[in-house]
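Notes for the structure review
In case you want the letters, here they are:
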Amino acid sequence: MKKVCLFLLFAVLPPLALVSCLFDSSGDSLVSWLDDQGFPSNYAVQTVDIDSIYLSSYEVGFDSTPRKQLYQGVLGTVSGMKHDLVFDFCFRDKSFFAKFDADSAKDFRAAFLALYPDSGFYAQAGLGDSLPIEEALTVKVSWALDTGAGSAYLDSVGDIKDSVWLAGLRQLKYAATVDTVMKINITDLDSALRLDLPDTLVQALSKVRDAAHLQLRLSAPDSKRLYRFYGPSSDITPFMRVKAYTKTVVSNGDASTSDTYKNIWPFRMAIVSTNMETCSDCVVLHGGVLESLLVDIPTTRILSALENLYGDSFPYTEGDSMDVRQAVVLARLTMPRSSSTDGSELGFPVQVVTASFVDSNGKDVESGESYKLNKDYILEKGHPNIVFFGGDSLSLQITDGLRSYINRAATGAKLRVVLRLGYSMLAPYDTLYYDHAGDDDDDDSVHIFMDYLTYSRFDFTHYIDKKMHLKLWLATKRGDDE
């Protein structure tokens, strides 16, 4: 599959006016809605159903660029993707590393990394009740260590732009990779997990004389789940603790020891994701990463259906080809899907976010589609734009794309839509698309989506070639009404 650099931030779409009346019938409420949206009240709304639509082409594009993470990192391999964590340290302490390098201290040198579970995620995902989580996790530890001297060296590292640093992670040459067993024992969410760092890394740190830049990468290719940890901008931050030596003091015949430690905090962190899928012909979409499914929808039957409805010729070629006699107020593409929850990382339904290519000053630009809510349908069957949920169909609204296409069809424009997996949906039958207060006496808040990305996997392979259904709602002014 070719790489397609298409990515829309996984943001929950903003709340929109409810238009369930639009899905059902015409009437005073529909006229009122058209007026609110800026359409003349004497426009009629007509619907067009186009069955047996088959996609012209489709392609999954994955952008492997590492992503900087401020508050949360993920480590592990699930849903066909491997996620590594990279920590960027820069530090200076001449006196400490003089002790660390002392020959008498070589048997006492050690270092470990402390990681704190993201308690907010585990609580919202409902995983807090499943504690304890206990297992031995094999972690591959890699690192790149550069040394320098003086504050100017620290400044030079700090001046490296995030974009340059992230791009360089893909070509970074690591000094070594060592398998380390990390004993996972999460009995509560407030305790740090300790990863003892390899002796070879400790020996490399002993060569530091003044200042150093350490890039530490963790990989867990055989993990059973994803682990989420707080990042460097969180209130509870990961850190590396280096132990220099143990000093024994004898007084009055009694011996006591004292250790010298240095805590070092990363100033940035990134996730490096790798696609581990082995089927080159499968159409698989992953969530939580920079991946998109780009589809081309054939348009000949759309134009033919418009000609049959209006008796006009399509595409419209008069003047600038912008036909102001009608506008697409809603377009919905429905395709078959599985109701299986296989691939849902957390077991929740996951939204499918859509974007279309529309005209902007003569250029094609990708624009996120709005989502109009069909209240009656949602109350009965849940939101239609989610996967890992009951039912056998997925309905996606591509209104902006259809509207732009019809007005550009004469120029040879295509109807192209981008699909991405978004957030887990916690309340699939709620008719609002944003967090709000509940209806009970306690006025509990209702969370529609999780606050965290979901690393899910949906396989479109068996559905992408099946027939689809397109329905258009058109605000129209024709004939005697002109």
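Residues numbered from 1 in each chain as written. Predicted model: local features only at pLDDT ≥ 70, side-chain atom pairs only at ≥ 80, totals over all residues. Heavy atoms only, no water.

Scanning the protein for helices and strands turns up 10 helices and 27 strands. Put simply, the protein has 482 residues, and 50% of those count as buried. Here the analysis covers contacts within the protein between residues at least 6 apart in sequence; of these, 84% occur between residues at least 24 apart. By element, 46% of the accessible surface of the protein is carried by carbon and sulfur atoms, the whole surface being about 22400 Å². (Helix = DSSP H or I, 4+ residues; strand = E, 2+ residues; numbered from the N terminus. Buried < 20%, exposed > 50% of the residue type's maximum accessible area, 1.4 Å probe, protein only. Contact = heavy atoms within 4.5 Å. Areas by Shrake-Rupley, 256 points an atom, 1.4 Å probe, with all protein chains shown as cover.)

What the 4 strands build is an open sheet, ordered S1-S27-S17-S21; its pairing is antiparallel. Single-partner strands in this sheet number two, and they are strand S1 (44–53) and strand S21 (393–397). Adjacent strand axes in the sheet meet at a mean angle of 20° when their direction is disregarded. Here strand S17 (residues 326–336) pairs with S21 via 5 bridges, running antiparallel. From the neighbouring strand, leucine 333 faces S21, where its bridge partner is leucine 396. Sheet strands in contact with helix H10 (residues 399–408) are S17, S21 and strand S27 (468–476), and its direction is about 125° off that of S17. (Pairing = 2+ DSSP bridges. Axes fitted to C-alpha atoms, helices over the stretch in contact; angles between N-to-C directions.)

On to the nonpolar core. Membership of the largest hydrophobic core comes to 53 residues, with the highest contact counts inside it found for Phe89, Phe91, Leu113, Leu216, Leu218 and Met240. Apart from residues lying up to four places away in sequence, leucine 218 is in contact with Leu75, Asp84, Leu85, Phe87, Leu113, Leu115, Val139, Lys140, Val141 and Leu195. (Core = buried A, V, L, I, M, F, W, Y, C linked by side-chain atoms within 4.5 Å.)

Before going further, it helps to examine empty space enclosed by the protein. The full count for this structure, using the stated rule, is 3 cavities of 30 Å³ or more. Broken down by secondary-structure element, the contributors of at least two residues to the lining of the second largest cavity are strand S16 (291–297), S17 and strand S22 (415–425). Tallied by class, the residues present in the lining of the second largest cavity amount to 10 nonpolar, no polar and no charged. (1 Å grid on protein atoms, 1.4 Å probe; cavity = no way out; pocket = protein on both sides within 12 Å on 5 of 7 lines; lining within 4 Å. Points joined across faces, edges and corners; volume = space filled by probe spheres on them. Nonpolar A, V, L, I, M, F, W, Y, C, P; charged D, E, K, R; others polar.)

In this section: the confidence of the model for the protein. Chain-level statistics for the protein give a pLDDT mean of 87 and a share of 85% at 70 or above. Every residue in residues 1–20 scores below 50 in pLDDT, and together they form 59 contacts with partners more than four places removed in sequence or on other chains. (pLDDT = per-residue confidence, 0-100.)

Looking at the element boundaries, histidine 213 is found in strand S10 (residues 211–219). Under the relative-accessibility criterion, histidine 213 is labelled buried at 7%. Only 2.6 Å separates the side chain of histidine 213 from the side chain of aspartate 88, close enough to count as a polar contact. (Polar contact = N/O pair within 3.5 Å; in protein donor to acceptor, adjacent residues only side chain to side chain.)

Relative to the helices and strands, arginine 228 is located in strand S11 (residues 227–230). Setting aside chain neighbours within four positions, we find arginine 228 in contact with Gln72, Gly73, Val74, Tyr116, Pro117, Asp118, Phe121, Tyr122, Glu345, Leu453, Thr454 and Tyr455.

Cis geometry marks the peptide bond from phenylalanine 314 to proline 315; its omega dihedral reads 5°. Among the secondary structure elements, proline 315 is positioned in the loop between helix H8 (300–310) and S17. Positive phi is not limited to glycine here, since serine 52 has a value of about 55°. Position of serine 52 among the secondary structure elements: in strand S1.

On to the packing of aromatic side chains. The geometry of an aromatic ring pair is captured by the separation of the ring centres together with the interplanar angle, meaning the angle of the planes. Scanning the model with the defined rule gives 13 aromatic pairs in all. Residues phenylalanine 121 and tyrosine 122 carry aromatic rings whose centres are separated by 5.1 Å and whose planes lie at 75° to one another, so their mutual orientation is edge-to-face. Among the residues examined, phenylalanine 121 registers a relative accessible area of 1% and is labelled buried. Looking at tyrosine 122, the relative accessible area reads 3%, which means it is buried. For the ring pair phenylalanine 239 and tryptophan 265, a centre distance of 6.3 Å and an interplane angle of 45° mean the geometry is tilted. Pair noted here: phenylalanine 239 is in strand S12 (residues 239–251) and tryptophan 265 is in the loop between strand S13 (254–264) and strand S14 (268–275), with a separation of 26 residues, a long-range link. (Phe/Tyr/Trp six-rings, centres within 6.5 Å; stacked < 30°, edge-to-face > 60°.)

What follows deals with the pattern of salt bridges. This model, assessed by the stated rule, comprises 17 salt bridges. With its nearest N and O atoms 2.8 Å apart, the salt bridge here joins glutamate 345 to arginine 228. Of this pair, glutamate 345 sits in the loop between S17 and strand S18 (350–360) while arginine 228 sits in strand S11, and the two are 117 residues apart along the sequence. Relative accessible area serves as the criterion here: at 0%, arginine 228 is assigned to the buried category. Linked through salt bridges whose partners overlap, the residues forming this network are Lys68, Asp88, Asp162 and Arg268. (Salt bridge = Lys/Arg side-chain N within 4 Å of Asp/Glu carboxyl O.)

Below, the discussion takes up the state of the cysteines. The full count for this structure, using the stated rule, is 1 disulfide. A sulfur-sulfur separation of 2.1 Å characterises the disulfide bridge that pairs cysteine 279 with cysteine 282. Handedness here is read from the sign of the S-S torsion; for cysteine 279 and cysteine 282, about 85°, the answer is right-handed. Accessibility expressed as a relative area gives 18% for cysteine 282, which makes it buried. (Disulfide = S-S within 2.5 Å.)

The subject of this paragraph is the environment of valine 350. Counting through the fold element by element, valine 350 comes out in strand S18. Separated by 105 residues in sequence, valine 350 and tyrosine 455 place their C-alpha atoms 10.0 Å apart.

Summarising the element assignment, isoleucine 236 is placed in the loop between S11 and S12. The exposure class of isoleucine 236 is partly exposed, given its relative accessible area of 36%. Between the C-alpha atoms of isoleucine 236 and tyrosine 116, which are 120 residues apart in sequence, the distance is 7.1 Å. Each residue touching isoleucine 236, except ones within four places of it in the same chain, is listed here: Tyr116, Tyr230 and Gly231.

All right, on to the pairing of strand S5 (residues 81–92) then. Across the 12 residues that make up S5, a large majority, 10, are buried. By the bridge criterion, 3 bridges tie strand S4 (residues 72–78) to S5 in an arrangement that is antiparallel. When the bridges of S5 are listed, glycine 76 appears paired with histidine 83. The antiparallel pairing of S4 with S5 creates a hairpin that spans 2 residues between the two strands, and serine 79 there sits at a positive phi of about 55°. Examined bridge by bridge, S5 and S14 share 8 bridges and lie antiparallel to one another. Residue pairing across strands places histidine 83 opposite serine 273, the latter belonging to S14. Examined bridge by bridge, S5 and S10 share 8 bridges and lie antiparallel to one another.

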